[in-house]
Amino acid sequence: MADRFFPNEMPNFVPETSIAVAPQEPTAKDSELLSLPYATLADTLKRSAFVLKQTVVNETWGLSGKRVQDYTLYTGALGTAYLLFKAYQVSKNDSDLKLCSDIVKACDSAARDSGRVTFICGRAGVCALAAVLANNAGDERLLDRYLTQFKEIKLPSDLPDELLYGRVGFLWACSFLNKHIGKETISTTRMRAVVDETIKSGRRLANKGRCPLMYEWHGKKYWGAAHGLAGIMHVLMDMDLKPDEVEDVKGTLRYMIKNCFPSGNYPSSEGSESDRLVHWCHGAPGVTLTLVKAAEVFGDKEFLQAAVDAGEVVWKRGLLKRIGICHGISGNTYVFLALYRLTGNVEFLYRAKAFACFLHEKAQKLIAEGKMHGGDRPYSLFEAQSHAGKFGILLLTLSQGLGFLNLQAIIVHPNG
Ligand SMILES: [Zn+2]
């Protein structure tokens, strides 16, 4: 187990100092950055993020001759476009937005015959981001075109329910549009039809079992954010649910909390006894993000406590030997940002800074020494390993004082 992650030897908390006293204060064992005043650290991270952004653009767009093979947000060109969109929100630099639009247009051509329908791995992500960009630019004709395309997306009846390829992955794109363009951009009626299917499917498989909702993907009852309960519950909590549906979502989360491992980590699937993975896709990190969402939406203390407990596992075992959002340190860092946003407790902000500074200071060297995974898609958003696109977004998020932290935007973050 220990070989999946670095032991976390960073101090539990290092207070931020004022500029005047910083040089006299002892520095943290692992990072001199951690005691810096927040604004100074934010500036450092922002500079680094913009350098990374440029590298990602060169590698995934410039060097490919501006041709798109993989259009998805997960591993493909839309991930680069999304990074530029996030960069624009910080820089307000029109050239970021222009480049983002060019890449999205190329993704649109590449995705035209794709049967995939979700935000992260399908056409809905392309149409949704394209529509938001057109709206930003005040181009009503283009906005109309992409919204029409989005509304024409048909969901096959045998679609799974999970986030990467299934129904809630489509609903997530609807939420993204309604959040960025305005309520009812995608109508409640349209979303309700998909919610109905998702709830029906969950109740059918639960079959009056101990957990009110249950889902399957490729024959397995997953619990994590990417393919299972955590991702599905997260998106459902953004929908207008009926009272009995709310009870089923709460009951499902309670079932998960009650059946976590003795270590506090969460199984990757129903009945699994292997307490190994502490990833966004499988294990405590994705579940924590969902529990934070539950605490926000329902206000129940039990969800807040469970989120804090699961976050502890991420602090101890989440310093993975990979970088990206799906199964790397970047994705795990969002757990602390989410807990900080929920509680206002600076100890969580510290933990986010600690994970980000670990990556910022050590990742390149550890990869060069073969102690951290180099990966096959080093510039992608979700599986990035070295100069990760996701890491770039994470740095931007931290550098912006968490202004646009928003699990919904990427989920994945669900929580981007
Ligand atoms: Zn993963």
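Scroll up to find the structure.
Residues numbered from 1 in each chain as written. Predicted model: local features only at pLDDT ≥ 70, side-chain atom pairs only at ≥ 80, totals over all residues.

Asker: Looking at this structure, how should I read the overall build of the protein?
Answerer: Counting secondary structure elements, the protein contains 15 helices and 0 strands. The buried share of the protein, taken over its 416 residues, is 54%. Counting contacts in the protein only where the partners sit at least 6 residues apart, residues at least 24 apart contribute 62% of the total. (Helix = DSSP H or I, 4+ residues; strand = E, 2+ residues; numbered from the N terminus. Buried ≥ 20, exposed ≤ 12 C-beta atoms within 10 Å, placed from the backbone. Contact = placed C-beta atoms within 7 Å.)

Asker: Looking at this structure, how should I read the packing of helix α2 (residues 77-91) against helix α3 (residues 94-111)?
Answerer: The angle between the axes and the distance between the axes are what describe a pair of packed helices. Interhelical geometry of α2 versus α3 gives an angle of 160 degrees and a closest axis separation of 8 Å. Viewed along their axes, α2 and α3 adopt a mutual orientation that is roughly antiparallel. Considering only the axes of α2 and α3, their crossing is left-handed. Together, A77, L78, T80, A81, L84, F85, A87, Y88 and S91 of α2 and D96, L97, L99, C100, I103, V104, A106 and C107 of α3 make up the contact between the two elements. In the contact of α2 with α3, the residues fall into 14 nonpolar, 2 polar and 1 charged. (Axes fitted to C-alpha atoms, helices over the stretch in contact; angles between N-to-C directions. Parallel < 35°, antiparallel > 145°, perpendicular 65-115°, else oblique. Left-handed = near helix turned anticlockwise from the far one by under 90°. Nonpolar A, V, L, I, M, F, W, Y, C, P; charged D, E, K, R; others polar.)

Asker: Which parts of the structure should I look at to understand unusual backbone geometry?
Answerer: If a residue is not glycine, its phi is most likely negative; likewise, a peptide bond is most likely trans. You will see that K92, though not glycine, has its phi angle at about 55 degrees, which is positive. Of note, K92 is situated in the loop between α2 and α3. Here H218, not a glycine, exhibits a phi torsion of approximately 50 degrees, which is positive. Looking at where H218 falls in the secondary structure, it is placed in the loop between α7 (188-206) and α8 (229-236).

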